[in-house]
Amino acid sequence: MKIFVPMDSAAKALGAEEVVAALRVAAPDAEIVRTGSRGMIWLEPLVEVEIDGVRHGFGPAEPADAGGIVDGTSARALGPVEDLDWMKRQSRLTFARVGVIDPLSLDDYQAHGGLAGLRRALGMSGQDIVDEVKASGLRGRGGAGFPTGIKWQTVHDAEAPQKYIVCNADEGDSGTFADRMIMEGDPFTLIEGMAIAGIGVGATRGYVYLRSEYPDAIAVMSRAVELARKAGMLGADVLGSGRAFDMEIRKGAGAYVCGEETSLLNSLEGKRGVVRAKPPLPALEGFLGRPTVVNNVISLATVPVIFEKGARAYADFGLGRSRGTVTLQIAGNVARGGLFETGFGISLGEVVNDLGGGTASGRPVKAVQVGGPLGAYMPVSRFDTPIGYEEFDQNGGLIGHAGLVVFDDTTDMLGMARFAMEFCAVESCGKCTPCRIGAVRGVETIDRIAEGDAGALTLLTDLCETMKDGSLCALGGFTPFPVMSAVTQFPDDFARQKEAAE
Amino acid sequence: MQSPNVTIIAEDFGHLISEHRDAEGALLPILHAIQDVCGYIPDAAHPLICDALNITQAELHGVISFYHDFRKKPAGRHVLKVCRAEACQSVGGDAVAATLLDRLGLDWHGTTHNGAVTVEPVYCLGLCACGPAAMVDGRVVGRVDAAKLDALLAEAGV
Ligand SMILES: Cc1cc2nc3c(=O)[nH]c(=O)nc-3n(C[C@H](O)[C@H](O)[C@H](O)COP(=O)(O)O)c2cc1C
Ligand code: SF4
Ligand code: FES
């Protein structure tokens, strides 16, 4: 008997280890394989039992369910996992193996298409590799949506004794966990993507800057790098090609701003994580002043499938200038939360209501914050907005790292606006005044609005303008998005406070 | 409250430092290594780090104080991090945190009198589809409610 149980931290947080212990007692002879998560977090821990070569799901499982799962009588039975609506409706390219394979088995990895992309890339010139990424239309998944191939071209063309690939695994945005899930569920994909990037631009060294809040991901990635090195996937002679690439995992230290690429580079160099002015671009003067590709985890982890299936096949998915798939993270007060990968173009409403099933509380949805703490609160009236970079921009929002946080109608939007300012104040790197001081003033000003000071609203609007125009990076520059979207879309929450005071 | 590793001596620091000093950007790995062993960054380690990396005390202090992770003093025997970010707020995380702090009579970053637990805020643990989320010494906990909190605190010896 073969049983699969995720070791993803969301599954662990919901009791996967206790379920595994119970399964070992109920079926002492069974082989229990630990996997990543399929992304259906509301069903975690999701136990899968292989029956005649088909994996049947049971979830959300509790230790008491172990006996029933083993003898097939459990009321938690969901049927074949691949046949579940959530799975069937996806186009899983980046996440194809997550939840399926043992994350630390290179054999499993290769049996499911792993290393095909790297092998193909090793037969190509650096310029051909860069051209393939350009043709795929891949844009950075970390937030800014900058075309990945163009960034790689700059680094490829730069002359230097040493170039670097730096993976941004700082994933600090609330409502996001795609980076975490792929690092815990299919770490070799990220390693393979970084190796292809290195071979493409002529960088022999790489670093993953991984946030300290993710101890499970750090453990899995570190082990995967060791295994990849031992198997010759990393090192002086990558897969016997004569080309070199090696990498290390580096742990962050709990600063949100270190997700900003120049702050990250300073941190990686052992300095305070203060943002650097651009230019110079990191692509030309990045880590230790050398040409550096800085890319998000999902950007890099998507590279192998582009090389495996071809740029065209990837670019066939999507909408407008947003090509390929988006790895949506559906979070917050939502009935069915988790990770859903699909072509760009699906509407916000379909994601929240249809896939997510509305709120977990059963109350009406009030707002959805898209793109993390610097993203706008989208009201239900904007639910027809298609998920795409330009489409969100036109609707006053941003998709960022594609996390969606759902809020029900009990949410006080004034409180959320205040939190956005407070967060900016706590996490500011301190380099520019509009962010460092402005965010503190922002909290105070919102408190005045809450106390019924009507004039303070004009002050808040002005302050947001100053922060937008005078901040060096998007922490200070975009905090006005959540704040002003709350003010303009939910004016009652700011007025009601006033009446209460009167 | 005492640190479990008061006996750490200069040679141990030296060993931890030399393990990482040749890495590119060695300072964060060194600080993490020391904090992993001691639970904080003791003052006694400062001159050794400065010496090894050829940086000033002021530079070192600047780095240690910039990052939320690094402590200048020991924490309690267990560190309980509670997520304060938006997705956890949307499912009642604020109330959970308020109950916790109230029960322990602490503010954020405070430590219980018996030295059992230090409570810290964290901004997202990547468990945003199963919040409110928390982490005890690196072990993740989802859908935290009053009952789960009680169990966690009991386990931690509060
Ligand atoms: C305050 C702030 C935080 C950021 N956090 C992250 C992050 O956690 N992960 C990430 O990949 N990009 C983050 N970014 C964006 C990066 O600066 C950068 O655009 C990205 O890493 C580039 O990779 P990509 O092109 O693959 O997206 C952040 C930006 C800002 C301003
Ligand atoms: S906007 Fe804020 S975080 Fe960004 S550089 Fe300025 S002070 Fe630092
Ligand atoms: S917002 Fe709390 S875990 Fe992400």
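From a predicted model like this one, the values you see are computed outputs, not experimental measurements. (Residues numbered from 1 in each chain as written. Chains lettered and ligands numbered in written order. Predicted model: local features only at pLDDT ≥ 70, side-chain atom pairs only at ≥ 80, totals over all residues. Heavy atoms only, no water.)

**Details of the overall build of chain A**
Counted only if it meets this: Here a strand is any run of E in DSSP of at least two residues, a helix any run of H or I of at least four, and the numbering for each starts at the N terminus. With the radius of gyration taken over C-alpha atoms, the globule rule is written as 2.2 Å times the number of residues to the power 0.38. Burial classes follow relative accessibility: with a 1.4 Å probe on protein chains only, a residue under 20% of its type's maximum area counts as buried, one over 50% as exposed, and anything between as partly exposed. Contacts are assigned to residue pairs with any non-hydrogen atoms lying within 4.5 Å of each other. Note that accessible areas follow from Shrake-Rupley with a 1.4 Å probe, and for residues the cover is restricted to the protein chains shown. Only four residue types enter the charge count: Lys and Arg as positive, Asp and Glu as negative, with His and the chain ends excluded. To locate a charge, take atom NZ for lysine, CZ for arginine, CG for aspartate or CD for glutamate.
Counting its regular elements, chain A contains 22 helices and 16 strands. The globule rule puts the C-alpha radius of gyration for 502 residues at 23 Å, and the 23 Å found for chain A is close to it. When each of the 502 residues of chain A is scored for burial, the buried share is 62%. Restricting the contact set of chain A to residue pairs at least 6 apart, pairs at least 24 apart contribute 70%. When the accessible surface of chain A is summed, it comes to about 17100 Å², and 51% of that surface belongs to carbon and sulfur atoms. Side chains of chain A carry 48 positive and 65 negative charges; the gap between the two charge centres is 5 Å.

**Section: the sheet that holds strand S6 (residues 164-169) of chain A**
Residues and elements named next belong to chain A. Note the cut-off: The pairing criterion is simple: DSSP has to find at least two bridges between the two strands. The axes used here are C-alpha line fits, helices contributing only the stretch in contact, and every angle between their N-to-C directions lies in the interval 0 to 180 degrees.
Taken together, four strands build an open sheet; the order of strands is S8-S7-S6-S9 and the sheet is parallel. One side of each edge strand has no neighbouring strand; the edge strands of this open sheet are strand S8 (246-251) and strand S9 (292-296). The sheet shows a mean angle of 20° between the axes of neighbouring strands, direction not considered. The sheet contact formed by strand S7 (residues 205-210) and S8 spans six bridges and is parallel. Each residue of the ladder has a partner; that of Arg205, found in S8, is Asp246.

**So, unusual backbone geometry**
Residues and elements named next belong to chain A. Residue Glu44 is joined to Pro45 through a cis peptide bond whose omega torsion reads -5°. Inspection of the secondary structure puts Pro45 in the loop between strand S2 (31-35) and strand S3 (47-51). Cis geometry is adopted by the peptide bond preceding Pro280, which originates at Pro279 and carries an omega value of 5°. With respect to the helices, strands and loops of the structure, Pro280 is situated in the loop between helix H12 (261-268) and S9. Look at Leu239: it is not a glycine, yet its phi comes out positive at around 50°. Mapped onto the fold, Leu239 is located in the loop between helix H11 (215-230) and S8.

**As for the environment of Gly39(B)**
Residues and elements named next belong to chain B. Residue position: Gly39 is located in the loop between helix H2 (27-38) and helix H3 (46-53). Using a relative accessible area of 28% as the deciding quantity, one classes Gly39 as partly exposed. For the pair Gly39 and Ala23, spaced 16 residues apart in sequence, the C-alpha separation works out to 22 Å. Ignoring sequence-local partners within four residues, the contact set of Gly39 consists of Ile34 and Arg71.

**Things to note about the domain arrangement of chain B**
As a reminder, the rule being used: An automatic or database domain assignment provides the domain bounds reported here.
Domain boundaries in chain B define domain 1 (10-66) and domain 2 (78-155). Placing the centre of domain 1 of chain B and that of domain 2 of chain B at their C-alpha centroids yields a distance of 30 Å.

**Side note on the site of ligand 1**
Residues and elements named next belong to chain A. The test is simple: Neighbouring residues are identified by heavy atoms, a residue being near a molecule or strand if any of them is within 4 Å of it. By the criterion applied in these results, polar contacts are pairs of N or O atoms within 3.5 Å in which, for protein atoms, one can donate a hydrogen and the other can accept it, and in which residues neighboring in sequence qualify only through two side-chain atoms. Charged residues are taken to be Asp, Glu, Lys and Arg, nonpolar residues to be Ala, Val, Leu, Ile, Met, Phe, Trp, Tyr, Cys and Pro, and polar residues to be all remaining types, Gly included.
Neighbouring ligand 1 are 19 residues; Gly142, Asn168, Asn295, Asn296 and Ser299 lie closest to it. In the environment of ligand 1, an oxygen atom lies 3.4 Å from a nitrogen or oxygen atom belonging to the backbone of Gly172. Between ligand 1 and Asn296 there is a distance of 2.8 Å, counted from an oxygen atom to a backbone nitrogen or oxygen. For ligand 1, whose accessible area on its own is 610 Å², the fraction buried by protein is 91%. Looking at the shell around ligand 1 element by element, the count peaks at three residues for S9. For the shell around ligand 1, the residue count by class is four nonpolar, nine polar and six charged.

**With respect to the side chain of Thr189(A)**
All names here are of chain A. Residue position: Thr189 is located in helix H10 (residues 187-201). Overall, the relative accessible area of 2% leaves Thr189 in the buried class. The contact partners of Thr189, leaving out residues within four places of it in the chain, are Arg97, Tyr109, Leu300, Ala301 and Pro304.

**Thoughts on the domain arrangement of chain A**
The figure often quoted for interface size is the accessible area lost as the parts come together. All names here are of chain A. Defined as follows: The term buried area refers to how much accessible surface (probe radius 1.4 Å) is lost by two components on association, counted for both of them together. Put simply, a salt bridge is a Lys or Arg side-chain nitrogen that is within 4 Å of an Asp or Glu carboxyl oxygen.
Assigned domains of chain A: these are domain 1 (2-88), domain 2 (106-315), domain 3 (318-408) and domain 4 (413-501). Here domain 1 and domain 2 have C-alpha centroids that lie 32 Å from each other. Counting from both sides, the interface comprises eight residues of domain 1 and, opposite them, six residues of domain 2. Broken down residue by residue, the surface that domain 1 buries against domain 2 is led by Met7, Asp8 and Ser9, which jointly contribute 55%. Across the contact surface, domain 1 and domain 2 share two salt bridges. Salt-bridge contacts for Arg180 lead to Asp8; the nearest nitrogen and oxygen are separated by 3.0 Å. If you look at where domain 1 meets domain 2, you find four residue pairs in polar contact (both at pLDDT 80 or more).

**A closer look at the pairing of S3(A)**
Residue and element names in this part refer to chain A. The sheet contact formed by strand S1 (residues 2-6) and S3 spans two bridges and is antiparallel. The residue bridging Phe4 from the neighbouring strand is Glu48, located in S3. Turn length for the S3-strand S4 (residues 54-58) hairpin, with the two strands adjacent in sequence and antiparallel, is two residues, and the turn residue Asp52 shows positive phi of about 50°.

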